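Understanding the architecture of this molecule
Residue-level listing of the chains:
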Amino acid sequence: MSYKAAIVSAITEFKDRAGSSSIAIKKHMQANMSADKKWLNGMFLNALKKAVADGDLVQNKNSYKLSPEFKKKAAAALKPKKKAAPKEKAAPKKK
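Residues numbered from 1 in each chain as written. Predicted model: local features only at pLDDT ≥ 70, side-chain atom pairs only at ≥ 80, totals over all residues. Heavy atoms only, no water.

A tally of helices and strands in the protein yields 4 helices and 3 strands. For the protein, the α and β elements follow one another from N to C terminus as α-β-α-α-β-β-α. Counting contacts in the protein only where the partners sit at least 6 residues apart, residues at least 24 apart contribute 49% of the total. When the accessible surface of the protein is summed, it comes to about 8000 Å², and 58% of that surface belongs to carbon and sulfur atoms. (Helix = DSSP H or I, 4+ residues; strand = E, 2+ residues; numbered from the N terminus. Contact = heavy atoms within 4.5 Å. Areas by Shrake-Rupley, 256 points an atom, 1.4 Å probe, with all protein chains shown as cover.)

Core analysis: the biggest nonpolar cluster contains 16 residues, and Ile-7, Ile-11, Ile-25, Met-29, Phe-44 and Leu-57 have the highest contact counts within it. Every element with two or more residues in this core is listed here: helix H1 (3-14), helix H2 (22-32), helix H3 (41-54) and strand E3 (63-66). A total of 6 residues in this core trace back to one element, the largest contributor, which is H1. Discounting residues that sit within four places of it in the chain, Ile-11 has contacts with Ser-20, Ile-25, Leu-57, Tyr-64, Lys-65 and Leu-66. (Core = buried A, V, L, I, M, F, W, Y, C linked by side-chain atoms within 4.5 Å. Buried < 20%, exposed > 50% of the residue type's maximum accessible area, 1.4 Å probe, protein only.)

A few words now on the packing of H2 against H3. In contact at an axis separation of 12 Å, H2 and H3 are set at 125° when each is read in the N-to-C sense. Between H2 and H3, the angle falls in the class oblique. In the packing of H2 onto H3, the handedness of the crossing is right-handed. Contact residues: H2 offers Ser-22, Ile-25, Lys-26 and Met-29, while H3 offers Asn-41, Phe-44 and Leu-48. Taken together, the residues of the contact of H2 with H3 sort by class into 4 nonpolar, 2 polar and 1 charged. (Axes fitted to C-alpha atoms, helices over the stretch in contact; angles between N-to-C directions. Parallel < 35°, antiparallel > 145°, perpendicular 65-115°, else oblique. Left-handed = near helix turned anticlockwise from the far one by under 90°. Nonpolar A, V, L, I, M, F, W, Y, C, P; charged D, E, K, R; others polar.)

Once their charged atoms are close, side chains differing in charge can pair, the charge on each being opposite to the other. Applying the stated criterion across every chain, the model contains 2 salt bridges. Between Lys-4 and Asp-56 there is a salt bridge, with its nearest N and O atoms 2.3 Å apart. Of this pair, Lys-4 sits in helix H1 while Asp-56 sits in the loop between H3 and strand E2 (57-60), and the two are 52 residues apart along the sequence. With a relative accessible area of 33%, Lys-4 lands in the partly exposed category. By relative accessible area, Asp-56 is classed as buried at 6%. Where Lys-50 meets Asp-54, a salt bridge forms, and the shortest distance between an N and an O atom there is 2.9 Å. One end of the pair, Lys-50, and the other, Asp-54, are both in helix H3, 4 residues apart, so they sit about a helical turn from each other. When its relative accessible area of 44% is taken as the criterion, Asp-54 is described as partly exposed. (Salt bridge = Lys/Arg side-chain N within 4 Å of Asp/Glu carboxyl O.)

Below, the structure is given as C-alpha cells:
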C-alpha cells in the first residue's frame, strides 16, 4: 500500500469534520503498517504535500481532510458501470 493510499484510508476511518492532524494520521499508519515495511517519515511528509498540491487533500491549519473533488472521484470509481446491452445478431437472409 502506498503512503497516499494509507493516508486516505486513515482520514476516512477517522471521519473528523474538521480533518485529521498529521500526527494522528502518522500514528494510525504506523499501527497498521506491515512488519516488513520500514517507516520513512520523509516519504510520509512528501506524500502529504503532494496530495495537497494535487488537490486530493485540503489543508486546514494543521489538519487534512479529503477534498470534495476527490470524494466525487472515489464515489464514481466505486459505482458499478453499466454494461451495454448485447446486440442481437440479425437473422440470416433467406434466398
